[in-house]
Amino acid sequence: MLKHHRKWNDCSQISSCLHAFSFRAWCPHLIMVKDGGCRHACTTCLLCLYSCCWSRSKKGMKTSKGDCAWFFFLFCVCLLTLTWLYLAIVTLNDFHILNEFLFHKLEWWFDWSVVMLSGTVTLVTYSSLLLVLALTLQLCHQPLKIHWLHKVLLILTVLIVVTAFVGMEIQWAEQWESARIALQATGPFLHIGAVVGVTLLAWPVADCFYRTSRSALGVLLLILYLGIVIALYLAPLGIDSPCLMEYNQLPPKPALFGHRGAPMLAPENTLMSFQKALNCGVRVLETDVLVSADGVPFIMHDEKLIRTTNVQELFPSQAHSNASSFSWSELQQLDAGSWFLQKYPFSTAQSFSSSEQAMVRAQKILSLNQLLGEAARHNVSVMFDLRPEEDPHYEHLVNVTVETILKSDIAPELILWLPKEFREQVKQQAPGFQQIYGRKRLNNETNELPYVNLPYQNLSSTEIRFARERGTRQ
């Protein structure tokens, strides 16, 4: 009986050994998870997502210095994509300018902000999830053997984002100043988010420090982390934000300008657009003026009619001609509203009722005289650019425009005259016009400019405060 019992025991041991060998052969990561102290099967899945490796051996699965370098690279890529996401959100306010620029190049309308945001969110999501995955594996004492496919995708992400930054520097450099101004408003909130993020990193950093047996790499990591923490806690001393201003120190609310009317609520530069702007309480209607072939000043931003009218349908042979080459009777035949429902330059167009859509389709090109009449009825000012400035007969355009204004019912003081050419001549013809300057005061000028029209990126908060105290209007 004892002999048979020993045989049975030996067979059980052999069976157990075979089972263990088979288990280790097919599921090496499960054994590794158990040996590492994290017994959840999901850790194995996370490890495989990060390393994409199903090796049957634990050889070479220890985190090396190269793996640490790739982890640091992943962390930098995540920060880079988040920075680009912030800049992309800032540019959305002016993205219609880029859409118009690309339309003039391609003659095909598309909201490229959708492409930019979708691509940016994809890159941010990928790099962030990969970073969270790496931190989770670090806490579970698992090796950070990132797969070559992730390495390629991370390098590709860096190239895409760097290309975007370079492209913005070349074509849209003023947005850097926009980002700086936006940081003044969002800085306190970004600082709170950064403090929370760095605090959450305290556990992984401490774990890595003690696991490296306080080696030079661990000490360097700890010093870097503590430096970031100290910088974050000292950052509020250097934040100058209107969010931190006392309520009684806030300046008066600035007057609203209707840039091309209300172009997000109705087709730009149409009567409907300007009426929408007036309903929003604007004090100035801002637009662009061209002069037709028979001498009628009319409202149009582009020098060609393709983007905002159906000129290709009615005048296909003249579709690419300048708008000023058309007579006023020809311009009145064009539909200046339907494009707003066909191209959807802004999402608000999709929410229009049937009556609003009918009103949009009824919009025509507006004459300057019609706009002046609308402004006079509501007692609001009008400011405009007279284009094209390179026209060899620009003086004639100025004279026709001034004559049209003087014959209208609007008060001269409601005209904010912006064109800089022949300004002295205009002052003599219409002394009541308010002269608007597109520059700051020059060094050799002794008098302050009463009105200036400058991009908001070109003025600091200090200059705006000084101009307000001196009575300069902007």
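Residues numbered from 1 in each chain as written. Predicted model: local features only at pLDDT ≥ 70, side-chain atom pairs only at ≥ 80, totals over all residues. Heavy atoms only, no water.

Caption draft 1: Structural context of a nonpolar patch on the surface. A cluster of nonpolar side chains, namely W148, L149, V152, L153, I155, L156, L159 and I160, defines an oily patch on the protein surface of about 740 Å² accessible area. Judged by relative accessible area, L156 falls into the partly exposed class, the value being 46%. (Patch = residues over 30% accessible without salt bridge, like charges linked within 9 Å, V, L, I, M, F, W, Y side chains within 5 Å. Areas by Shrake-Rupley, 256 points an atom, 1.4 Å probe, with all protein chains shown as cover. Salt bridge = Lys/Arg side-chain N within 4 Å of Asp/Glu carboxyl O. Buried < 20%, exposed > 50% of the residue type's maximum accessible area, 1.4 Å probe, protein only.)

Caption draft 2: Just the pattern of salt bridges, in detail. Under the counting rule described, the total for this entry stands at twelve salt bridges. A salt bridge links E100 to R307, with the shortest nitrogen-to-oxygen separation between them at 3.7 Å. One end of the pair, E100, is in helix α5 (residues 95-106); the other, R307, is in the loop between β3 (297-299) and α12 (311-314), with 207 residues separating them in the sequence. Both residues of the pair, E100 and R307, count as buried. A salt bridge links E268 to R307, with the nearest nitrogen and oxygen atoms 2.9 Å apart. Residue E268 is found in the loop between β1 (257-259) and α11 (271-279), and its partner R307 is found in the loop between β3 and α12; the two are separated by 39 residues along the sequence. Each member of the pair, E268 together with R307, is buried. Here the residues in one salt-bridge network are E100, R260, E268, D302 and R307, joined through shared partners. (Helix = DSSP H or I, 4+ residues; strand = E, 2+ residues; numbered from the N terminus.)

Caption draft 3: Spatial organisation of unusual backbone geometry. Omega for the bond connecting R387 with P388 falls within 30 degrees of zero, at -5 degrees, which places this linkage in the cis form. As for its placement among the helices and strands, P388 is situated in the loop between β4 (381-386) and α17 (394-407). Of note, the phi angle at R260 is positive, near 60 degrees, even though the residue is not glycine. Mapped onto the elements of the fold, R260 is located in the loop between β1 and α11. Take R260: its relative accessible area is 5%, and that puts it in the buried class. Positioned with a positive phi, F422 is a non-glycine residue whose angle comes to about 60 degrees. Among the secondary structure elements, F422 is positioned in the loop between β5 (415-417) and α18 (423-429). The class for F422 is partly exposed, based on a relative accessible area of 32%.

Caption draft 4: Spotlight on the environment of Q333. Considering the arrangement of structural elements, one finds Q333 in the loop between α13 (328-332) and α14 (339-343). Between the alpha carbons of Q333 and L314 there is a distance of 8.3 Å; along the sequence they are 19 residues apart. Once residues lying within four places of it in the same chain are set aside, the contact partners of Q333 are L314, F315 and K364. (Contact = heavy atoms within 4.5 Å.)

Caption draft 5: A look at the environment of L156. Along the polypeptide, L156 turns up in helix α7 (residues 148-171). Linking L156 and L123, residues 33 residues apart in sequence, is a C-alpha distance of 9.9 Å.

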